[in-house]
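Results of the structural survey
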Amino acid sequence: MKFPLLQKFKLKPGKTAISLPICAIALAAVSFTACNSGAKTGSTSDTTKGTATTDTSSAKTLTPKGSKPAWAPNIKPEMAVVIEKLTSYGDKPIETLTAVQARKNHTPTDAVMAVMKENNIPMPAPKVDTVGKEIPVAGGNIHIRIYTPKEGKAPFPVIVYYHGGGFVIANIDVYNASAQAMAEQVGAIVVSVAYRLAPEHKFPTAHDDAYAAYAWTVKNAASIKGDPKKIAVLGESAGGNLAVATAIKARDNGIMLPTHIVSVYPIAQSDTKTDSYMKQANDKPLNKPMMIWFTTNYTRTPADAKDPRLSLVDANLKGLPPTTIITDEYDPLHDDGTKLADKLKSAGVNVTSRNYDGVTHEFFGMATVVPQAKEAQAFAAGELKKAFGM
C-alpha cells in the first residue's frame, strides 16, 4: 500500500478518475490536488501540468510544534511536521469508517501541501506534460495518466506506476508527486494506473487491472513515445505489491519481463504479528488496525490474504528481473519489505534494498518537505537509470 495516501474524494463504482479543483497553494499549473474543497466525479484533468516534488533546494528547515510521538522517538523534524499537520485535521480513524467515508479523509498529500503553504515553500515548475487515456480491461475500462518529459529525445524508457491505498482508498491524483518525480528524475515516460478499488471491486481485481495496464504498455509503448524494450514497474504500498505481482504474472504468461522492479514499502505477506507490526502498531499515517481493515475490504475470504499474489513471500519468485526494495523505519510494513527482499535473494534475484530512518509510511512522495524522500527518490531513479542503461 503507501499507506494509502487517503483518497480525499468519493469514487462511484466503476469510476477510477476524478476531476479536481486547483489548490491555491499549488500555483496555476497543477495536475493534482487533494484540497478540502468539494470535487465532482468525472474524468481526471490529466492534460494540466503536474506539480513537481523533485527540487527541494528552496525548502526550509521545519520544526515541529510538539514533542516526538511515543511510537517514533527518532522521527525526523520535517516528517514530524507533516504528521502533526495530518493529525490536526481530526479525521476519524479509517478502520472505523466505510470505504466511502474513508476516501473523504485528509491525506498525507493534503498535509504536505498545507505545510508548504504555511512555510512559503514554492512548488517547483513541472518538467513533464500529462495526458489521460482509457484502456480496456476485463469488465470495462480503467484510466491511466501518461507523464512525458518535456526535454529529451524519444523513444523514452517507460515506468508503469501503481499507487498505494491498501487497494481501497487513494488514487493517481493523491500519488501524483511520486509518479511525476520518477518521470522527471529518470527522464522516462510514466504510465500511472488507476486500478479499480475495493470493496466495490474485490480481489483480484486490482491485480488483474495492474497486469492489464502493464500488458497494454508493452504492446503500445511505441505509440506513447516509449521504448518497448525498456519498461519497468514501480509501486508504493499496495502498489509495491502490484509491481511485483505484475512481474510474476508477466513471467508466467510468457510476455516481456519488466526491465526492473521498484517496490516501495510493499504489502508482501499476511502475518500481522511481525516485529514491525507489533512495534509500530500505532503509527501514523499507517497502523495495524488500518492494515487489517484494508485486507478485510479487499479480500473475498480469509484465504485470499494468503494467496501468493498478496502474500508475495509465498510466491515463486525465481526468474524475476533485478529489484529495488525501499523501506522506512516507522511503518508496520517495514518487515514486509525486508522479508520480500530476503525471499527474492533466496530465489536468485538481484536485489538492492535501502531503509530510511526517522520517516514513516508514505514518505516517498514528500520530497518538497522531507529530505529523506528526496534521497529515496534519487536512489530509485538511479537504480532505474542503471537498469535502462542510461
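In case you missed it, the structure is sitting above this.
The numbers attached to residues start from 1 for each chain and follow its sequence in the written order. In keeping with the predicted nature of the model, local features appear solely for residues at pLDDT of at least 70, side-chain atom pairs appear and are counted solely at 80 or more, and the whole-chain, interface and lining totals rest on all residues. Computation of side-chain values covers all heavy atoms of the structure but excludes hydrogens and water.

Let us now look at the pattern of salt bridges. Salt bridges are defined as contacts in which a side-chain nitrogen from Lys or Arg sits within 4 Å of a carboxyl oxygen from Asp or Glu. Considering all chains together, one arrives at nine salt bridges under this definition. Across the pair Arg145 and Asp173 runs a salt bridge whose closest N-O atoms are separated by 2.7 Å. Separated by 28 residues along the polypeptide, Arg145 in strand β2 (residues 140-149) and Asp173 in the loop between β3 (156-162) and α4 (176-186) bring together distant segments of the chain. What makes Arg145 buried here is its relative accessible area of 0%. Accessibility expressed as a relative area gives 1% for Asp173, which makes it buried. Across the pair Arg309 and Asp307 runs a salt bridge, and its minimum N-O distance is 2.9 Å. Put simply, DSSP H or I for four residues or longer makes a helix, DSSP E for two residues or longer makes a strand, and each gets a number counted from the N terminus. Relative accessibility thresholds used throughout: buried, under 20% of the residue-type maximum; exposed, over 50%; partly exposed, between the two (1.4 Å probe, protein chains only).

So, about the sheet that holds strand β7 (residues 323-330). Pairing is mixed in the open sheet, where eight strands are placed in the order β1-β2-β4-β3-β5-β6-β7-β8. Looking along the sheet, the strands with just one partner apiece sit at the ends: β1 (128-137) and β8 (351-360). Averaged over all pairs of adjacent strands, the angle between their axes in this sheet comes to 20°, without regard to strand direction. Each pair of strands is called paired provided DSSP finds at least two bridges between the two strands. With four bridges connecting them, strand β5 (residues 226-236) and strand β6 (residues 261-264) associate as parallel partners. Residue pairing for β6: Val233 is matched across the bridge by Ile261. Contact criterion: two residues are considered in contact whenever any of their non-hydrogen atoms come within 4.5 Å of each other. For helices, the fitted axis covers only the stretch in contact; all axes are lines through C-alpha atoms, and the angles between them, taken along N-to-C directions, range from 0 to 180 degrees. Packed onto the sheet, α4 meets β1, β2, β3, β4 (189-194) and β5 and runs at close to 40° relative to β2.

We now examine the layout of surface pockets. The volume enclosed by the second largest pocket comes to roughly 260 Å³. Computed over the protein atoms alone on a 1 Å grid, cavities are sets of points where a 1.4 Å probe fits but cannot get out and pockets are open sets with protein on both sides within 12 Å along at least five of seven lines; a residue lines them when it has an atom within 4 Å of a point. Around the second largest pocket, the lining comprises 18 residues; the ones closest to its centre are Gln269, Ser270, Met291, Thr295 and Ala305. Per-element accounting of the lining of the second largest pocket gives the leading share, six residues, to helix α8 (residues 288-298). Three categories are distinguished: nonpolar for Ala, Val, Leu, Ile, Met, Phe, Trp, Tyr, Cys and Pro, charged for Asp, Glu, Lys and Arg, and polar for the others, with Gly belonging to the last. A per-class count over the lining of the second largest pocket returns nine nonpolar, eight polar and one charged. Grid points are joined across faces, edges and corners, and a volume is the space filled by probe spheres set on the points.

Two numbers describe how helix α1 (residues 77-88) lies on helix α3 (residues 108-118): the axes approach to 8 Å, and their chain directions differ by 110°. As the angle between them shows, α1 and α3 are arranged roughly perpendicular. Two packed elements cross with a definite hand, and for α1 against α3 that hand is right-handed. Across the interface between the two elements, Val81, Val82, Lys85 and Leu86 of α1 pack against Pro108, Ala111, Val112, Ala114, Val115 and Glu118 of α3. Classifying every residue of the contact of α1 with α3 gives eight nonpolar, no polar and two charged. In this scheme, roughly parallel covers angles under 35 degrees and roughly antiparallel covers those over 145, while 65 to 115 is roughly perpendicular and the rest are oblique. In this scheme the crossing of two helices becomes right-handed for a clockwise turn of the near helix relative to the far one and left-handed for an anticlockwise turn of less than a right angle.

A few words on the environment of Arg300. Looking at the secondary structure, you find Arg300 in the loop between α8 and β7. In the structure, Arg300 is positioned 97 residues away from Phe203 in sequence and 6.5 Å away in space, judged by C-alpha atoms. Sequence-distant contacts of Arg300, defined by excluding residues within four places in its chain, comprise Lys202, Phe203 and Pro204. Within polar-contact distance, the side chain of Arg300 engages the backbone oxygen of Phe203 at 3.2 Å. Throughout this description, a polar contact denotes any pair of N or O atoms lying within 3.5 Å of each other; where both atoms belong to protein, one of them has to be capable of donating a hydrogen while the other can accept it, and for residues adjacent in sequence the pair is counted only when both atoms sit in side chains.

Right, let's get into unusual backbone geometry. The omega angle of the peptide bond from Ala198 to Pro199 is 5°, so this bond is cis rather than trans. Note on placement: Pro199 falls in the loop between β4 and α5 (205-220). For the bond from Phe203 to Pro204, the omega torsion is 10°, close enough to zero to count as cis. Relative to the helices and strands, Pro204 resides in the loop between β4 and α5. One non-glycine residue, Tyr265, lies in positive phi territory at about 30°. Here Tyr265 lies in the loop between β6 and α7 (275-279). The buried category is assigned to Tyr265, whose relative accessible area is 1%. Backbone geometry at Glu362 places phi at a positive 85°, although glycine is not the residue there. Positionally, Glu362 belongs in the loop between β8 and α10 (371-388).

Moving on: the side chain of Thr299. Tracing the backbone shows Thr299 in the loop between α8 and β7. Residues within four places of Thr299 in sequence aside, it is in contact with Lys202, Phe203, Asp304, Ala305 and Leu310.

This paragraph deals with the pairing of β1. Taken residue by residue, a regular strand's side chains alternate between the two faces of the sheet. Both β1 and β2 contribute to a ladder of 10 bridges, which runs antiparallel. Across the sheet, residue Glu134 finds its bridge partner in β2, namely His143. Connecting β1 to the antiparallel partner β2 that follows it, the hairpin turn spans two residues, and Gly139 within it adopts a positive phi of roughly 90°.

Helix span is expected to be 1.5 Å times the residue number reduced by one. Between its first and last C-alpha, helix α6 (residues 238-253) extends 22 Å over 16 residues, near the 22 Å set by a 1.5 Å rise per residue. The positive-phi residue at the C-terminal boundary of α6 is Gly254, with phi of around 75°.

Turning to the pairing of β6, a few remarks are in order. Because side chains alternate across β6, one face comprises the buried residues Ile261 and Ser263, and the other comprises Val262 and Val264, equally buried. Inspection of the sheet shows β6 paired to β7 by four bridges, in the parallel sense. Opposite Ile261, over in β7, you have Thr323 as the bridge partner.

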